Amino acid sequence: MRRAILTAVALLLVVPGIGSAQDKAAKISSAMSAGPESVSKHAKVMDWDNTVLREGNNGFTCFPDRPDTPGNDPMCLDEAWLNWAHAWMTETEPSYDQVGIGYMLAGGTPSSNTDPYAEGPTPDNEWISEGGPHLMMLVPDPSTLSDMPTDPSNGGPWVMWRDTPYVHIMIPTPGHGM
Ligand SMILES: [Cu+2]
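Here the structure is a predicted model, which is why all the values come from computation and not from measurement. All chains use their own residue numbering, which begins from 1 and follows the written sequence. Where totals are concerned, whole chains, interfaces and linings use all residues; where local detail is concerned, this predicted model gives features only for residues with pLDDT of at least 70, and gives and counts side-chain atom pairs only at 80 or more.

The subject of this paragraph is the overall build of the protein chain. The numbering of helices and of strands both runs from the N terminus, where a helix is a DSSP run of H or I of at least 4 residues and a strand a run of E of at least 2. Within the protein chain one finds 3 helices and 10 strands. Secondary structure elements of the protein chain, listed N to C terminal, follow the sequence α-α-β-β-β-β-α-β-β-β-β-β-β. Exposure criterion: with C-beta atoms placed from backbone coordinates, a residue whose C-beta has 20 or more other C-beta atoms within 10 Å is buried, one with 12 or fewer is exposed, and one in between is partly exposed. Of all 178 residues assigned to the protein chain, the portion counted as buried reaches 29%. Whether two residues are in contact is decided by their C-beta atoms, placed from the backbone, lying within 7 Å. Expressed as a percentage of contacts within the protein chain between residues at least 6 apart in sequence, the contacts between residues at least 24 apart total 52%.

Below, the structure written as structure tokens:
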């Protein structure tokens, strides 16, 4: 009996630790799946609550799939994209001044092509229901993007969220349904 109690206590102490270690490993591998191995191998890995899951040294930060959004949407972002993401999440102006590269090679989440904060389709928000694998690019001067297509189904890169502070180039990669 005493042994059973000791075992139960030991399990109580140990199991949460195992659970979170597994959870952490799963989050790291989810985050790493967003980029090419050469990038994700040395990238910092961070959870959505800003917990650092692993340190890195190549200027990229990878995040796991966001459990609160549909689709598998982990991402690896460089400094310019981190600046952009922070601005988007806080609805402020981004201040990056260099070209940015973001990898979402494992897929994305459904979103509007025109409204950065849309949560579902409307008749005029160009809803993209299948967020497939893609690269994302930022340029320091978005006015240089004025001649690029904005149609997500044109078969190549397109400009998303034009005329907003969060304008960027979407580049479909293999497996993208568009
Ligand atoms: Cu993306």
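Back to the write-up after that little detour.
Before going further, it helps to spend a moment on helix α3 (residues 79-90). The periodicity of an α-helix, 3.6 residues per turn, causes residues three or four positions apart to be oriented the same way. A rise of 1.5 Å per residue sets the reference length of α3, with its 12 residues, at 16 Å; its end C-alpha atoms lie 17 Å apart and thus fit the reference within 8%. For α3, every residue scored as buried is listed here: A80, W81, L82 and W84. Residues of α3 that are buried make contact with β3 (61-63), β4 (75-77), β5 (100-104) and β8 (134-138). Multiplying 1.5 Å by the helix residue count minus one yields the expected span of that helix.

As a further point, take the nonpolar core. When buried Ala, Val, Leu, Ile, Met, Phe, Trp, Tyr and Cys residues are joined through C-beta atoms within 7 Å, the set is termed a nonpolar core. A34, C62, M75, C76, Y103 and M104 are the most contacted members of the largest nonpolar core, which has 28 residues in total. A34 has contacts with S40, C62, P74, M75, C76, Y103, M104, L105 and A106, leaving out every residue within four places of it along the chain.

Here we take up the sheet that holds β3. Read across the open sheet, the 8 strands follow the order β2-β1-β3-β4-β5-β8-β10-β9; overall the sheet is mixed. The open sheet has two edge strands with one neighbour each: β2 (52-54) and β9 (158-160). Averaged over neighbouring strand pairs, the angle between their axes works out to 30 degrees when direction is ignored. Here, strands pair whenever DSSP counts at least two bridges between them. As paired elements, strand β1 (residues 44-46) and β2 share 2 bridges and run antiparallel to each other. Among the inter-strand pairings, M46 is bridged to a residue of β2, identified as V52. To get an axis, a line is fitted to the C-alpha atoms, and for a helix only the part in contact is used. The angle between two axes follows their N-to-C directions and goes from 0 to 180 degrees. This element, α3, spans β3, β4, β5 and β8 of the sheet and lies at about 80 degrees to β5.

Attention now goes to unusual backbone geometry. Residue W161 is not a glycine yet carries a positive backbone phi of 60 degrees. Secondary-structure assignment places W161 in the loop between β9 and β10 (168-172). Its 20 C-beta neighbours within 10 Å are what place W161 among the buried residues. The backbone phi angle of D163 is positive, close to 65 degrees, even though this residue is not glycine. Looking at the secondary structure, you find D163 in the loop between β9 and β10.

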